[in-house]
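As a plain string of letters, each chain reads:
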Amino acid sequence: MNEGCSPETEPVTESSNCEGDINSVNIENIDLVVEMGSSSSQIPGVMNNLMKLDLHNSSTTNSVEVEEKECSYIECRKQTGLVYDDIMTRHHHLFCQAHPERPNRIIHTIDVLKESKVLSQLKTVVSRDVTMEEVLTCHNQHHWKFLKSLTNMTNRELYQTGECYDSIYVNNSTYHAAVRAAGSLVSLTEEVLSGKIRNGAAVIRPPGHHCEVDRPMGFCFLGNVPIACHYALNNYGLNRILVLDWDIHHGNGTQDMFYNDNRVLYISLHRYDNGNFYPGGTRMSSEMVGEGDGLGYNLNIGWNGAHKTDGDYMAAFYSLILPIVSEYDPELVFVSAGFDSGRFDPLGKCDVTSECYGLMTSYLRNLCNGRVIIALEGGYNLTTVAEGMKATIEALLGEPQSSIPPLPSASAKQSIQVAAQCISKYWQCLWFVDLEDEASPDETAVATSKSEDVLNNVSEQLDAKKPEQLNLFKSENKEEELIMSQIEASTSSDNKEPVKIITNTNLI
């Protein structure tokens, strides 16, 4: 994960200006939207005051006041928040502008949100620094002192310090960026839990899910999501928090911080590559299911190999993640949203689309009254990160999402099955997993017979229809319709070749 950057290159000049400053957003043209069915008694006092004004006789001054009150009302009606601060752009590599974890990751994301008009639909959440007391819920004093010491180091000392750690670079602003990133996520969490907004997204960096209790690692300096989790647990009395981590790299830091704690269910979708993908080792494996009070509350779904697709992710989502989180019934959801699992990412080398990120988010939005918080982790293709974050925010806003069929590759199916076998005994919703392993020859014969019946029915339909009529096929039998839909995709009216049916009886 570490990129080779030489100290011989001239340092990058820092700038306090940032194109992505959320405070510069123009909200003059936002439409006032009142939900259907609202009565005047349900409208907040500020709106009642507006309705009482005689707008025909008002002066220019009164018009300005009305506009300000309308803007204030619009802000209070917004249910999705966004937190961002350009201080986080000041953390950069001193000698390598092209480093993957660079400021443009969040600058470009904010620019895309502005251009797409998504930003105008969001409530701006005020950023802040995380406090030492909040940091110490996850990290030790040694780590806190280490971060603060970076502010006074020379460039040579900074370079040498970065070389002492795993995939880390530092500069004099690293401390300020890290505490602002963690604090901003805490601020967003407070807004959600206090009821001021329903959900929100944190466009923050540096990321956090690799950071250990006592050391930085993998571009990460503070456990942003773990710190926010502890804030929610300690200040709002929550007992069930879900952390879904879809970054292509396993969140070793987050896992370790809650491995013995059943108040946080940690689920990670990541590349495993038999322990050879970053951060490496067996702690990324599906066998790591938690211990002590946390036994059964750690689920690792580790892919072996690159180019995992939407179908792979949705298969894991439908078969494992949704059943487990529904049984867990979380009171709050965090997503460690790393978009390095997305298409075109130079490190992840997978093929997940922004549509898939949006669909997964929309399902999570159905949990815990929509209290979902998206926290940016990795992602190193600027377009992929921006489009992925835009899609997840649109899902938080309630935008309709397109369905994606759960059609996993053979490799992904095996990874899902391994994860299911490791975790199934801790969740009632997965009772069937053990039964599949113990299926009798008679049960297998019944399943095979069912498969043959379905295929025979499909064959009869093919005999009765011309190829151009296949798209009209509808069946009461979902399995038959699934097979026919697959045939439609590979046939057309000018296709003279015989149709070949290839199906997986495990889907039937």
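Sequence order sets the numbering: in each chain, residues are counted from 1 along the sequence as written. At least 70 in pLDDT is required for a residue's local features to be given in this predicted model, at least 80 for side-chain atom pairs to be given and counted, and no such filter applies to totals for whole chains, interfaces and linings, which use all residues. Side-chain metrics in this entry use all non-hydrogen atoms of the structure; hydrogen atoms and water are not considered.

Enquirer: Which residues make up the sheet that holds strand β3 (residues 199–202), and what values do they have?
Expert: Note on pairing: two strands pair once DSSP finds at least 2 bridges between them. Numbering of helices and strands starts at the N terminus; helices are DSSP runs of H or I of at least 4 residues and strands are runs of E of at least 2. One open sheet accounts for 8 strands, arranged β2-β1-β3-β8-β7-β4-β5-β6; its pairing is parallel. At either margin of the open sheet sits one strand with a lone partner, and together these are β2 (123–124) and β6 (298–303). As defined by bridge partners, strand β4 (residues 241–245) adjoins strand β7 (residues 332–337) across 5 bridges and the pair is classed as parallel. Along β7, the bridge assignment pairs Asp-245 with Ser-336. In this analysis, two residues are considered to be in contact whenever any of their non-hydrogen atoms come within 4.5 Å of each other. Note on geometry: axes are lines fitted to C-alpha atoms, helical ones only across the stretch in contact, with angles between N-to-C directions running from 0 to 180 degrees. Against the sheet, helix α10 (residues 310–328) engages β4, β5 (264–271) and β6, with an angle of about 175° to β5.

Enquirer: Summarise the packing of aromatic side chains; cite the residues concerned and give the values.
Expert: Pairing of aromatic rings covers Phe, Tyr and Trp, the last through its six-membered ring, and needs centres within 6.5 Å; plane angles under 30 degrees mean stacked, over 60 mean edge-to-face, and all others mean tilted. The final tally for this structure, using the stated rule, is 15 aromatic pairs. Measuring from centroid to centroid gives 5.7 Å for Phe-219 and Tyr-380, while their planes differ by 85°, and the two rings are edge-to-face. One end of the pair, Phe-219, is in the loop between β3 and α8 (224–236); the other, Tyr-380, is in the loop between β8 (372–376) and α12 (382–396), with 161 residues separating them in the sequence. When its relative accessible area of 5% is taken as the criterion, Tyr-380 is described as buried. To sort residues, take the accessible area from a 1.4 Å probe on protein chains only and compare it with the maximum for the residue type: under 20% means buried, over 50% means exposed, and anything in between is partly exposed.

Enquirer: Which residues make up the environment of Val-112, and what are the values?
Expert: Counting through the fold element by element, Val-112 comes out in helix α3 (residues 104–115). On a C-alpha basis, the gap between Val-112 and Glu-387 in space is 7.7 Å, while along the polypeptide they are 275 residues apart. Residues within four places of Val-112 in sequence aside, it is in contact with Ala-386, Glu-387 and Lys-390.

Enquirer: An account of the nonpolar core is requested, with residue identities and associated values reported.
Expert: The term nonpolar core refers to a set of buried residues drawn from Ala, Val, Leu, Ile, Met, Phe, Trp, Tyr and Cys, joined through side-chain atoms within 4.5 Å. With 112 residues, the main nonpolar core has Leu-185, Ile-241, Ile-301 and Phe-334 as its most contacted residues. With 11 residues, the single largest contributor to this core is α10. Setting aside chain neighbours within four positions, we find Ile-301 in contact with Ser-268, Leu-269, His-270, Ser-286, Ala-316, Leu-320, Ile-321, Ile-416 and Ala-419.

Enquirer: Any chance you could break down the pattern of salt bridges for me, citing the residues and the numbers?
Expert: Every case where a carboxyl oxygen of Asp or Glu lies within 4 Å of a side-chain nitrogen of Lys or Arg is listed as a salt bridge. On inspection of all chains with the given rule, the structure shows 14 salt bridges. Residue Asp-261 pairs with Arg-263 through a salt bridge whose shortest N-O separation is 3.0 Å. When its relative accessible area of 26% is taken as the criterion, Arg-263 is described as partly exposed. The partner of Arg-271 in a salt bridge is Asp-273, with the nearest N and O atoms 2.5 Å apart. Looking at Asp-273, the relative accessible area reads 16%, which means it is buried.

Enquirer: Any details on the pairing of β3? Residues and values, ideally.
Expert: Both faces of β3 are covered, namely the face carrying Asn-199 and Ala-201 and the face carrying Gly-200 and Ala-202. The pairing of strand β1 (residues 80–83) with β3 spans 4 bridges and is classified as parallel. What sits directly across from Val-83, in β3, is Ala-202. Bridge analysis of β3 against β8 gives 3 bridges, and the strand direction is parallel. Residue pairing for β8: Ala-201 is matched across the bridge by Ile-374.

Enquirer: Would you mind going over the packing of helix α7 (residues 174–193) against α8 in detail, with residue names and values included?
Expert: Orientation of α7 relative to α8, taken along the N-to-C sense of each, is 40°, at an axis distance of 9 Å. The angle between the axes of α7 and α8 places the two elements in the oblique class. The interaxial crossing formed by α7 with α8 has right-handed handedness. For the pair formed by α7 and α8, the contact residues are Ala-178, Ala-181, Ala-182, Leu-185, Val-186, Thr-189, Glu-190 and Leu-193 on the first element and Asn-224, Val-225, Ile-227, Ala-228, Tyr-231, Ala-232 and Tyr-236 on the second. Classification used: nonpolar for Ala, Val, Leu, Ile, Met, Phe, Trp, Tyr, Cys and Pro, charged for Asp, Glu, Lys and Arg, polar for all others including Gly. Across the contact of α7 with α8, the residue classes break down as 12 nonpolar, 2 polar and 1 charged. Under this scheme an angle from 65 to 115 degrees is roughly perpendicular, one under 35 degrees roughly parallel, and one over 145 degrees roughly antiparallel; angles in between are oblique. Note on convention: the crossing is left-handed when the near helix lies turned anticlockwise from the far helix by less than a right angle, right-handed when the turn is clockwise.

Enquirer: An account of α7 is needed here, citing residue identities and associated values.
Expert: A helix is expected to reach a length of 1.5 Å times the quantity of its residues less one. In this model α7 runs 29 Å from its N-terminal to its C-terminal C-alpha over 20 residues, within 8% of the 28 Å that 1.5 Å per residue would give. With 18 of 20 residues buried, α7 is to be regarded as a mostly interior element. In the stretch just after α7, Gly-195 is the one whose phi turns positive, near 85°.

Enquirer: Tell me about the side chain of Glu-331, residues and numbers included.
Expert: Looking at the element boundaries, Glu-331 is found in the loop between α10 and β7. Among buried Asp, Glu, Lys and Arg side chains, Glu-331 stands out as unpaired, with Arg-240 the closest opposite charge at 4.2 Å. N or O atoms closer than or at 3.5 Å make up a polar contact, with two conditions inside protein: a donor-capable atom paired with an acceptor-capable one, and, for residues adjacent in sequence, both atoms drawn from side chains. Within the structure, Glu-331 has its side chain in polar contact with the backbone nitrogen of Asn-239 (distance 2.6 Å). Each residue touching Glu-331, except ones within four places of it in the same chain, is listed here: Leu-238, Asn-239, Arg-240, Cys-368 and Arg-371. Positive charges are assigned to Lys and Arg, negative charges to Asp and Glu, while His and the chain termini are left out of the count.

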